[in-house]
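These are the residues of each chain, in order.
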Amino acid sequence: MFRQPDLAATLRKLVEAEKRALAAGLDRKAAIMSAYARFYRGDIAKEIVSATRAAGGLFTESDLANWKVQIEEPVRTSYRGVDVYKLTT
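All figures in this text were calculated on a predicted structure; none of them were measured in a lab.

About the criteria used
Numbering of residues starts from 1 in every chain and runs along the sequence as written. Confidence filtering applies because this is a predicted model: local features only for residues at pLDDT of at least 70, side-chain atom pairs given and counted only at 80 or more, and all residues used for totals across whole chains, interfaces and linings. Side-chain metrics in this entry use all non-hydrogen atoms of the structure; hydrogen atoms and water are not considered. Secondary structure elements follow DSSP: runs of H or I no shorter than four residues count as helices, runs of E no shorter than two count as strands, and numbering proceeds from the N terminus. The reference for a compact globule is 2.2 Å times residues^0.38; the radius of gyration itself is calculated from the C-alpha atoms. Only protein chains enter the accessibility calculation, which uses a 1.4 Å probe; a residue whose area is less than 20% of its type maximum is buried, one above 50% is exposed, and one in between is partly exposed. In what follows, residue pairs with any heavy atoms lying within 4.5 Å of each other are defined as contacts. Criterion for a salt bridge: a side-chain nitrogen of Lys or Arg within 4 Å of a carboxyl oxygen of Asp or Glu. Two strands are said to pair when DSSP picks up at least two bridges between them. By nonpolar core is meant a set of buried Ala, Val, Leu, Ile, Met, Phe, Trp, Tyr and Cys residues that side-chain atoms within 4.5 Å join together. Each axis is a line fitted through C-alpha atoms, and for a helix only the stretch in contact is used; angles between axes span 0 to 180 degrees, taken between their N-to-C directions. Throughout, the term roughly parallel applies to angles under 35 degrees, roughly antiparallel to angles over 145, roughly perpendicular to angles from 65 to 115, and oblique to all others. Gly is put with the polar residues, along with every residue not named as nonpolar or charged; the nonpolar set is Ala, Val, Leu, Ile, Met, Phe, Trp, Tyr, Cys and Pro, and the charged set is Asp, Glu, Lys and Arg.

**Description of the overall build of the protein chain**
Counting its secondary structure elements, the protein chain contains four helices and two strands. Mapped in sequence order, the helices and strands of the protein chain form the string α-α-α-α-β-β. Against the compact-globule benchmark of 12 Å for 89 residues, the protein chain has a radius of gyration of 17 Å, which places it well outside the compact range. Projected onto its principal axes, the C-alpha coordinates of the protein chain cover approximately 50 × 40 × 35 Å. When burial is assessed residue by residue, the protein chain has 18% of its 89 residues classed as buried. Put simply, of all contacts in the protein chain between residues at least 6 apart along the chain, 25% involve residues at least 24 apart.

Pasting the structure below:
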């Protein structure tokens, strides 16, 4: 059995951030953005940077905080009656 307890803990933190936002009356999109903020600018970002630095990496909190997702339209095709989607290169 392959276990990743640290990854599980991180995913639980993201769910917790979303649930807190929903409980505060935010809509689903805003709740997801709360989890996004926790990952890229909150305690999770600090943990990523700390672990990366300890291993000799160069990540900074600023690197994560300044990263922005780029939403793009996927390529779509149909194969044997099933719609298949893929991101572009």
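Now that the structure has been shown, we can carry on.
**Quick word on the pattern of salt bridges**
On inspection of all chains with the given rule, the structure shows eight salt bridges. Measuring nitrogen to oxygen at the nearest pair gives 3.1 Å for the salt bridge that ties R38 to E16. One end of the pair, R38, is in helix α2 (residues 28–41); the other, E16, is in helix α1 (residues 5–23), and 22 residues separate them in sequence. The partner of R76 in a salt bridge is D83, and the shortest N-O contact between them spans 2.8 Å. Each member of the salt-bridge network shares a partner with another, and the members are K13, E16, R20, R38, D43 and E47.

**Digging into the pairing of strand β2 (residues 82–86)**
Relative to β2, strand β1 (residues 75–79) runs antiparallel, the two sharing five bridges. Along β2, the bridge assignment pairs S78 with D83. Hairpin connection from β1 to β2: two residues lie between these consecutive antiparallel strands, with R80 at a positive phi of about 50 degrees.

**Some remarks on the nonpolar core**
With five residues, the main nonpolar core is built from Y36, Y40, A45, V49 and L64. Of all the secondary-structure elements, those providing two or more residues to this core are α2 and α3 (43–54). Setting aside chain neighbours within four positions, we find Y36 in contact with R41, W67, K68 and V69.

**Topic: the packing of α1 against α3**
Remark: α1 packs on α3, axes separated minimally by 11 Å, with the N-to-C direction vectors making an angle of 155 degrees. Classified by the angle their axes make, α1 and α3 are roughly antiparallel. Along its contact with α1, which presents T10, K13 and L14, the element α3 presents D43, I44 and E47. The residue inventory of the contact of α1 with α3, partitioned by class, reads two nonpolar, one polar and three charged.

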